[in-house]
Amino acid sequence: QVQLVESGGGLVLSGGSLRLSCAASGSIFGISTMGWYRQAPGKERELVAAITSGGVTNLAESVKGRFTISRDNGKNTVYLQMNSLKPEDTAVYYCNARYPGMVVRSGYWGQGTQVTVSS
């Protein structure tokens, strides 16, 4: 089992910044991709950003140029730096971790952290 604990969410004004952290523990050896997903009320969960153990990143088009994902393998932690936040970024943000060959929905999920961007 893998446990994921997120932190760093909150309320911020439009144009502001937040940094989310996700610390992994448990059976983490071999974890390949870690990522952030978000779900707004009435919408499906969507990819925000993901990063492999080798540092290859994938960002949603809607956040490119504003968000950055990074990973500290020594601390088993993944970060999401969010700048120039917009009201449409408001959602619950979830951390995900998975082993090679796993699909996202079969991976491990954190409890979620609320991000609210006020205009």
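Structure report, in brief. (Residues numbered from 1 in each chain as written. Predicted model: local features only at pLDDT ≥ 70, side-chain atom pairs only at ≥ 80, totals over all residues. Heavy atoms only, no water.)

Within the structure shown, the criterion is met by 1 disulfide. In this model, Cys22 is linked to Cys95 through a disulfide, with the two sulfur atoms separated by 2.1 Å. With the S-S bond torsion at -85°, the cross-link from Cys22 to Cys95 turns out left-handed. Remark: Cys95 occurs in strand 9 (residues 91-98) and Cys22 occurs in strand 3 (residues 18-26); sequence separation between them is 73 residues. (Disulfide = S-S within 2.5 Å. Helix = DSSP H or I, 4+ residues; strand = E, 2+ residues; numbered from the N terminus.)

With that out of the way, let us pick up the nonpolar core. Membership of the largest hydrophobic core comes to 30 residues, with the highest contact counts inside it found for Leu4, Met34, Trp36, Phe67, Leu80, Met82 and Tyr93. When contributions to this core are tallied by element, the ones reaching two or more residues are strand 1 (2-7), strand 3, strand 4 (33-39), strand 5 (46-51), strand 7 (67-72), strand 8 (77-82), strand 9 and strand 11 (113-118). Discounting chain neighbours no more than four positions away, the residues touching Phe67 are Arg38, Val48, Leu59, Leu80, Gln81, Met82, Asn83, Leu85, Asp89 and Tyr93. (Core = buried A, V, L, I, M, F, W, Y, C linked by side-chain atoms within 4.5 Å. Buried < 20%, exposed > 50% of the residue type's maximum accessible area, 1.4 Å probe, protein only. Contact = heavy atoms within 4.5 Å.)

Before going further, it helps to examine the packing of aromatic side chains. Applying the stated criterion to the full structure yields 3 aromatic pairs. Ring centres of Tyr37 and Trp109 lie 5.3 Å apart, and the angle between their planes is 70°; on these two criteria the pair is classed as edge-to-face. Of this pair, Tyr37 sits in strand 4 while Trp109 is found in strand 10 (residues 108-109), placing the two residues 72 residues apart along the sequence. For Tyr37, a relative accessible area of 9% puts it in the buried group. (Phe/Tyr/Trp six-rings, centres within 6.5 Å; stacked < 30°, edge-to-face > 60°.)

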